[in-house]
Amino acid sequence: MPLTFTLDPVMTPDLRDGFLELWTDVSNAGGAVGFVAPVTAEDIRPEVVRYLTQLAEGRSRLLVGHDEQGRVAATAFLTSNTHRLMTHWVWLYTVMVHPRHQGNGYGRELLAAAADAARTLDGVEAIRLGCRGGLGLERFYASCGYKEVGRVPAAIRVAPGDDRDDVTMLLPLV
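My aim in this report is to walk through the structure given alongside it, one point at a time. A quick note: this is a predicted structure, and the numbers were derived from the prediction, not measured. (Residues numbered from 1 in each chain as written. Predicted model: local features only at pLDDT ≥ 70, side-chain atom pairs only at ≥ 80, totals over all residues. Heavy atoms only, no water.)

1. As for the overall build of the protein
Along its length, the protein carries 4 helices and 7 strands. Against the compact-globule benchmark of 16 Å for 174 residues, the protein has a radius of gyration of 16 Å, which places it among compact chains. Over its C-alpha atoms, taken along the principal directions, the protein stretches across nearly 40 × 40 × 30 Å. Evaluated residue by residue, the protein yields a buried proportion of 41% over its 174 residues. For the protein, the share of sequence-separated contacts (at least 6 apart) that also reach a separation of at least 24 residues comes to 58%. Looking at the protein as shown, the accessible area adds up to about 9,100 Å², and 53% of this sits on carbon and sulfur atoms. Of the side chains in the protein, 17 bear a positive and 21 a negative charge, and the two mean positions are spaced by 4 Å. (Helix = DSSP H or I, 4+ residues; strand = E, 2+ residues; numbered from the N terminus. Rg over C-alpha atoms; globule rule 2.2 N^0.38 Å. Buried < 20%, exposed > 50% of the residue type's maximum accessible area, 1.4 Å probe, protein only. Contact = heavy atoms within 4.5 Å. Areas by Shrake-Rupley, 256 points an atom, 1.4 Å probe, with all protein chains shown as cover. Lys, Arg positive; Asp, Glu negative; His and termini not counted. Charge placed at Lys NZ, Arg CZ, Asp CG, Glu CD.)

Given below as structure tokens:
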């Protein structure tokens, strides 16, 4: 069953809690979304509050995918670049698909929905995203049309002695 995507959904307690649960579950499954397992919802909650503040202030837009049971199954945040010379592209942050849905093509659906959403934004010609090297994410994003445009070796320290590259990917929309 495909996911149902909504851009800029009304933020309800259920959506907030679903987002928190998704982020916790993705992190604990080894997802490269800003945390290293094991984490609790309380570890992630301050970051959720920061994201919700960005939404409320209009600095980011939320794309959420719900599964057939109505649960939050996937998210991505589109964030405008505020530098006056770079407003023609947006950042895509916190791209997540719940572990129970991975392997079903939902990541591709999420990225396609994010590209569709970005195309509706005035003057936006590309999407940039960063990903953690060493997990094969670059190959996945490349298979979805993104191109690697930058790499900083060992920029992400997952643990002592475990440094990963910070990889920047770009999807032209025009």
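Read on, since the account is not over.
2. Some thoughts on the packing of aromatic side chains
In the structure shown here, the tally under the stated rule is 10 aromatic pairs. A ring pair is formed by Trp23 and Tyr51, whose centres lie 5.2 Å apart and whose planes are at 75°; its orientation type is edge-to-face. Of the two residues, Trp23 is situated in helix H1 (residues 13-28) and Tyr51 in helix H2 (residues 41-56); the sequence distance between them amounts to 28 residues. Accessibility assignment for this pair places Trp23 and Tyr51 in one class, buried. (Phe/Tyr/Trp six-rings, centres within 6.5 Å; stacked < 30°, edge-to-face > 60°.)

3. As for unusual backbone geometry
Cis geometry is adopted by the peptide bond preceding Pro38, which originates at Ala37 and carries an omega value of 0°. In this fold, Pro38 is placed in the loop between H1 and H2. Phi is positive for Thr94, which is not a glycine, with a value near 50°. Residue position: Thr94 is located in strand E4 (residues 89-97). The buried category is assigned to Thr94, whose relative accessible area is 12%.

4. Regarding the layout of surface pockets
Of the pockets and cavities examined, the largest pocket occupies roughly 940 Å³. Around the largest pocket, the lining comprises 40 residues; the ones closest to its centre are Ala32, Val33, Val95, Leu137 and Tyr141. Where the lining of the largest pocket is concerned, the elements lending two or more residues are H1, H2, E4, helix H3 (106-119), strand E5 (126-132), helix H4 (137-143) and strand E7 (162-172). In terms of residues, the lining of the largest pocket owes the most to one element, E4, which gives 7 residues. By residue class, the composition of the lining of the largest pocket is 23 nonpolar, 12 polar and 5 charged. (1 Å grid on protein atoms, 1.4 Å probe; cavity = no way out; pocket = protein on both sides within 12 Å on 5 of 7 lines; lining within 4 Å. Points joined across faces, edges and corners; volume = space filled by probe spheres on them. Nonpolar A, V, L, I, M, F, W, Y, C, P; charged D, E, K, R; others polar.)

5. Focus: the nonpolar core
If you look at the biggest cluster of nonpolar residues, it comprises 28 residues, and the most contacted ones within it are Leu92, Ile127 and Tyr146. Those elements that place two or more of their residues in this core are strand E3 (72-80), E4, H3, E5 and E7. With 8 residues, the single largest contributor to this core is H3. Leu92 has contacts with Ala76, Phe77, Leu78, Leu111, Ala114, Ile127, Arg128, Leu129 and Tyr146, leaving out every residue within four places of it along the chain. Judged by nonpolar contacts, the second largest core, of 18 residues, contains Leu22, Val33, Ile44 and Phe77. (Core = buried A, V, L, I, M, F, W, Y, C linked by side-chain atoms within 4.5 Å.)

6. What about the state of the cysteines?
In total, this model carries 0 disulfides according to the counting rule given. The thiol sulfur of Cys131 is not disulfide-bonded, and the nearest other cysteine sulfur, from Cys144, lies at 12 Å. We classify Cys131 as buried; its relative accessible area is 6%. Look at Cys144 and you get partly exposed, because its relative accessible area is 21%. (Disulfide = S-S within 2.5 Å.)

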